[in-house]
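# Structural overview for review
Each chain is listed here by its residues.
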Amino acid sequence: MLNWKEYRTQLLGRIGEIAKVAPDTIRGYQTLSSAGQKTNHLDPKQRELIALAVAVSLRCDGCIVVHTTEAKKLGATNEEIAEALGVAIAVNAGAALVYSARVMDAAEAVAA
């Protein structure tokens, strides 16, 4: 298994190095990342749970460790995290089903 704490430290170090050579890129990312916090339509824990579902969908280990850390800091329980992940699993399965329908359309079109 991955040592998540060590990985997070290494990742943040690398991102710090990127910030030194491309500060505007990191500032732009931070602006985008914090934009939702200004509306307060979702609370911070809800945003982190959504971020975890998206992180799984995108298969982003860095996103997983950063957003898991923040979700836990905000009091997210393992049950809440599991429920958010259940949504990710269902949506990804649904997307596979939708694209399977596209394959069937392509198969019919190619055969014609």
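Report on the accompanying structure.

With that out of the way, let us pick up the overall build of the chain. On a plain count of helices and strands, the chain comes out with five helices and zero strands. Each helix and strand of the chain, ordered N terminal to C terminal, gives the series α-α-α-α-α. The C-alpha radius of gyration computed for the chain amounts to 18 Å, which surpasses the reference 13 Å derived for 112 residues by more than 25%, pointing to a less compact arrangement than a globule. Here the chain, with 112 residues, has 15% of them falling under the buried criterion. Taking as baseline every contact in the chain between residues at least 6 positions apart, the subset at least 24 positions apart corresponds to 65%. Put simply, the chain shows about 8,400 Å² of open surface, and 63% of that area lies on carbon and sulfur atoms. Taken together, the 12 basic and 12 acidic charged side chains of the chain have centroids lying 8 Å from each other.

This next bit is on the packing of helix α3 (residues 44-58) against helix α5 (residues 78-111). Across the interface, α3 lies against α5 with an axial gap of 9 Å and an inter-helix angle of 40°. Taken together, the axis directions place α3 and α5 in an arrangement best described as oblique. Both α3 and α5 take part in a crossing whose hand is right-handed. Side by side, α3 and α5 meet where K45, L49, L52, A53, V56 and S57 of the first sit next to E80, I81, A84, L85, A88 and N92 of the second.

Each value, and the rule that gives it
Residues numbered from 1 in each chain as written. Predicted model: local features only at pLDDT ≥ 70, side-chain atom pairs only at ≥ 80, totals over all residues. Heavy atoms only, no water. Helix = DSSP H or I, 4+ residues; strand = E, 2+ residues; numbered from the N terminus. Rg over C-alpha atoms; globule rule 2.2 N^0.38 Å. Buried < 20%, exposed > 50% of the residue type's maximum accessible area, 1.4 Å probe, protein only. Contact = heavy atoms within 4.5 Å. Areas by Shrake-Rupley, 256 points an atom, 1.4 Å probe, with all protein chains shown as cover. Lys, Arg positive; Asp, Glu negative; His and termini not counted. Charge placed at Lys NZ, Arg CZ, Asp CG, Glu CD. Axes fitted to C-alpha atoms, helices over the stretch in contact; angles between N-to-C directions. Parallel < 35°, antiparallel > 145°, perpendicular 65-115°, else oblique. Left-handed = near helix turned anticlockwise from the far one by under 90°.

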